[in-house]
Amino acid sequence: ATWFLSWVWGYHFTTVRKALTRWWEKHRIVSGAGEDASGQRTYIWWCVFVNNQFRMLEAGQVEDPGDLFNVFGQQLEGIGKMLMCLDQMRGSSYTTRIWCIFEVFVACQRSIPTTVILPELEVDAIDTLKDLTQQCRVDAEKAKASVEADAEAIKKHIQQEHKSFEYVSQTVEQALWCEVIKFLEQSEQSEQSENGKTQ
């Protein structure tokens, strides 16, 4: 895989599919026929097809949080790039999920490039700096997970390793600010380009 997909387990598949499709249409043009600058083809690591956590939850099983940490850490380090899939710009559930917060935090700590993707353009979703900070607000201490044991394990890990939820929250917020601004700028350029074609 060449990209790690960070997403929320509660998303509809259509949400992720639309976000990936929008990203791919632009990435394909920039990278050239599905290849990056080094000529490597694009492959996405999507945990639902690897961990199969949905099936485990349906069967009443719970994966060992330690195993999840190991799988995530190894995959992210080996892949080297992350897609952050938000369901929407305003009120996104992404910023309330502890796995997503932890994934972005680890990416920041290891200087792994991140890219925000969304299913829709939403050019006008953020009007002011206040809007940006509000929509990217993160509270790692209050964040949740589909499996409560995961949330408890991640928060315990944060407290042991970093001594502060605030540090993790601020690190992720700053990463989101940068990537959301990039997304909005690119979306505005795309919209202007499309409008130019129709005139």
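Here the structure is shown first, and the text comes after it.
Residues numbered from 1 in each chain as written. Predicted model: local features only at pLDDT ≥ 70, side-chain atom pairs only at ≥ 80, totals over all residues. Heavy atoms only, no water.

Peer 1: Would you mind going over the pairing of strand E4 (residues 114-117) with me for this structure?
Peer 2: It is a general feature of regular strands that their side chains alternate between the two faces of the sheet. Two elements, strand E3 (residues 82-85) and E4, share 4 bridges in a ladder whose sense is parallel. Bridge pairing links Leu83 to Thr115 in E4. In this region the chain leaves E3, passes through helix H4 (residues 98-109) and returns to the parallel neighbour E4; the handedness of that crossover is right-handed. (Pairing = 2+ DSSP bridges. Helix = DSSP H or I, 4+ residues; strand = E, 2+ residues; numbered from the N terminus. Right-handed = clockwise from strand over helix to strand, strands pointing away.)

Peer 1: Would you mind showing me how to read the environment of Val106 here?
Peer 2: Looking at the element boundaries, Val106 is found in helix H4. Note on Val106: relative accessible area 9%, which makes it buried. Between the C-alpha atoms of Val106 and Leu76, which are 30 residues apart in sequence, the distance is 8.7 Å. (Buried < 20%, exposed > 50% of the residue type's maximum accessible area, 1.4 Å probe, protein only.)

Peer 1: What's the story with the side chain of Ser6 in this structure? I'm lost.
Peer 2: With respect to the helices and strands, the residue Ser6 is situated in strand E1 (residues 3-6). In this structure Ser6 comes out as buried when scored by relative accessible area, which is 0%. At 2.5 Å, the side chain of Ser6 forms a polar contact with the side chain of Glu103. Excluding anything up to four places from it in sequence, Ser6 contacts Met82, Leu83, Met84, Cys85, Tyr94, Cys100 and Glu103. (Polar contact = N/O pair within 3.5 Å; in protein donor to acceptor, adjacent residues only side chain to side chain. Contact = heavy atoms within 4.5 Å.)

Peer 1: Explain the sheet that holds E3 to me, please; I cannot follow it from the model alone.
Peer 2: In a beta sheet, neighbouring strands are held together by backbone hydrogen bonds and run either parallel or antiparallel to one another. Taking strand neighbours across the sheet as the criterion, the 4 strands line up as E2-E1-E3-E4 in an open arrangement whose pairing is parallel. The open sheet has two free edges, formed respectively by strand E2 (44-45) and E4, since each of these has just one partner strand. Two elements, E1 and E2, share 2 bridges in a ladder whose sense is parallel. Bridged to Trp3 within E2 is Ile44. Sitting on the sheet, H4 is in contact with E1, E3 and E4, with an inclination near 150 degrees to E3. (Axes fitted to C-alpha atoms, helices over the stretch in contact; angles between N-to-C directions.)

Peer 1: Where do I start with the environment of Gln134 in this structure?
Peer 2: With respect to the helices, strands and loops of the structure, Gln134 is situated in helix H5 (residues 129-135). When the C-alpha positions of Gln134 and Gly91 are compared, they lie 9.0 Å apart, and in sequence the two are 43 residues distant.

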